[in-house]
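# Secondary and tertiary structure notes
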Number of protein chains: 2
Amino acid sequence: MLWYNGKLIKTEDVTFDLSDRGLLLGDGLFETLTAFNHIPFRMDAHLERMMDSALRLGMDLDRMRMREAVLAVAKLDKAPCIIRLTVTRGVGARGLVPPKPATPLIFATRAPWHSALAFGEAKLAATSIRRNPTSPMSSMKTLAYLDSVLSLQEAQAKEADDALCLTPTGSIACTSMANLFVLNQKRLTTPALDGSILPGIMRRLLLDVAPQLGLIANESECSLADLIDADLVIASNSVRLLTKIIEVDSIRVSRTPSSAWSDLQQAIAEIVRQECNGYRLAV
Amino acid sequence: MLWYNGKLIKTEDVTFDLSDRGLLLGDGLFETLTAFNHIPFRMDAHLERMMDSALRLGMDLDRMRMREAVLAVAKLDKAPCIIRLTVTRGVGARGLVPPKPATPLIFATRAPWHSALAFGEAKLAATSIRRNPTSPMSSMKTLAYLDSVLSLQEAQAKEADDALCLTPTGSIACTSMANLFVLNQKRLTTPALDGSILPGIMRRLLLDVAPQLGLIANESECSLADLIDADLVIASNSVRLLTKIIEVDSIRVSRTPSSAWSDLQQAIAEIVRQECNGYRLAV
């Protein structure tokens, strides 16, 4: 079951106009959320981010309609699920110029979420594709997501689980699917929002909970050396929540025993419990 | 009429699987060709470029099938037309990892081509989105084409016709839809293929015909100053063929009278006449 332009339908095979700009040009946006007990975690933050991005693209989106789509698929089943909300600028004439007004195409799908996705471990490999801070694609979840696909492919070819993506000047940006944090003693640092990275919803949450755990949250430039030397390296994303990074380019990282790893997991689990009708994440 | 996965059909509304990676992630490629007298101009070069790009993406494409799609829509009517050939990696599971093997989705559409598109004039405005030479998206026609859409939007907001796209170091790259050439006396220079630009089919043709017109073809770095000072600035693309650039950021360019502009048009028109069954472009 999925939500497609206002209706719940049973199949992913739909009637679709091939002149849709999402398909032809990557002209659209998406969000990926996880729902527990029917409740899409941090939905308002995800919708806010999508609305901000739509404004940057000059797309007129109805927030209530986005919300309706997400809630419709969340309500289908109590089992935890991954919800993808996708919106395109809709059909247009040949060429690059967007239609005015545009009629967005909106759909939301769900897939099972498993507890094994959360709080895992991963190895990273640095990839050749640098983030482009001048491109709006770097700081928005657009349908033009191919750099992330190719970065991940490159990392997997090096037998890593995910890519380490760098900025043009070689500092740490993110992975193909997550934001990155490095912990040194009590200092939890993540790259600043300079246009190279997505403003992750889990990233924001982590920055917000850090002080409650006695950590000093900090947004600033991180070097590869900072990452290698860190007590703990964490990737954050809305599906995997937190992932402990254990290797970067075959070098072991997160070598220093730190209570922060379990403190952070417990803090996230507690917020999920409070906001998602008592759902208990395995920590 | 369009060609969709092996069949000619009448409508752009098709049955489509919403888990197609072209739609969800921009994971696919396209080519835009112009056909005269049923003959898609330089089709082999376009197919070659698509096959090269597919190899870089790790997509297994059947060149004969691509050719069949293009020829099927070219044959529908003798009137000149613009053909868009689109291929996606097909459906996949949730997430970024491509399916193996993938079953590509292929379709080709046609739109009318008008002689007013060719050999026109355009004003450019420099835009804030720099090309990313480390991203495969910069040198391939992928479905993740949003940077070009947004560059054009930005240029049009400045009342220009097209964007002047720069490399990270500020040299000339291309427009949102064309390669660029600058002529100084007999020297015709275009930016080298450093990863920032598409290897244009018309670009290649122009480099090849230049010596026959007594011009010295040259691929190397071009600065904004080179462009402002040039006798003639030309944009090349497969639909508009050649466009004379008459303004860059409100500064008049192509100010020096030069016979090269008409020589180049005539040379292109002659090649179209030879290769497309005698079709005569208005020069």
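Residues numbered from 1 in each chain as written. Chains lettered and ligands numbered in written order. Predicted model: local features only at pLDDT ≥ 70, side-chain atom pairs only at ≥ 80, totals over all residues.

With that settled, the discussion passes to the domain arrangement of chain A. Residue and element names in this part refer to chain A. Here chain A is described as being made up of domain 1 (2-113) and domain 2 (121-275). Relative to domain 2, the C-alpha centre of domain 1 lies at a distance of 25 Å. Contact residues are listed per partner, giving 22 residues for domain 1 and 14 residues for domain 2. Elements with a minimum of two residues in the side of domain 1 that touches domain 2: strand S4 (28-36), helix H2 (43-57) and strand S6 (81-88). In terms of residue class, the side of domain 1 that touches domain 2 is built from nine nonpolar, eight polar and five charged. (Domains from an automatic or database assignment. Contact = placed C-beta atoms within 7 Å. Helix = DSSP H or I, 4+ residues; strand = E, 2+ residues; numbered from the N terminus. Nonpolar A, V, L, I, M, F, W, Y, C, P; charged D, E, K, R; others polar.)

A separate point is the environment of B:Gly28. Residues and elements named next belong to chain B. Inspection of the secondary structure puts Gly28 in strand S4 (residues 28-36). With 29 C-beta atoms packed within 10 Å, Gly28 lands in the buried category. For the pair Gly28 and Gly195, spaced 167 residues apart in the sequence, the C-alpha separation amounts to 18 Å. (Buried ≥ 20, exposed ≤ 12 C-beta atoms within 10 Å, placed from the backbone.)

Here we come to the sheet that holds strand S1 (residues 2-4) of chain A. All names here are of chain A. Spatial ordering of the open sheet is given by S2-S1-S7-S6-S4-S5, a layout of six strands whose pairing is antiparallel. Looking at the sheet topology across the chains shown, the edges are occupied by strand S2 (7-9) and strand S5 (39-40). Looking at chain direction, S6 and strand S7 (residues 105-112) are connected through eight bridges and run antiparallel. Residue Leu85 lies in a different strand from S7, and its bridge partner there is Ala108. Across the sheet, helix H3 (residues 63-74) is in contact with S1, S2, S4, S5, S6 and S7; its angle to S7 comes to roughly 25°. (Pairing = 2+ DSSP bridges. Axes fitted to C-alpha atoms, helices over the stretch in contact; angles between N-to-C directions.)

In this section: the interface of chain A and chain B. Between chain A and chain B, the residue contacts involve 47 residues of the former and 47 residues of the latter. Listed by contribution, the elements that provide at least two residues to the side of chain A that touches chain B are strand S3 (13-17), helix H1 (21-25), S6, S7 and helix H4 (146-157) of chain A. At seven residues, the largest contribution of residues to the side of chain A that touches chain B is made by H4(A). Residue classes in the side of chain A that touches chain B are distributed as 25 nonpolar, 15 polar and seven charged.

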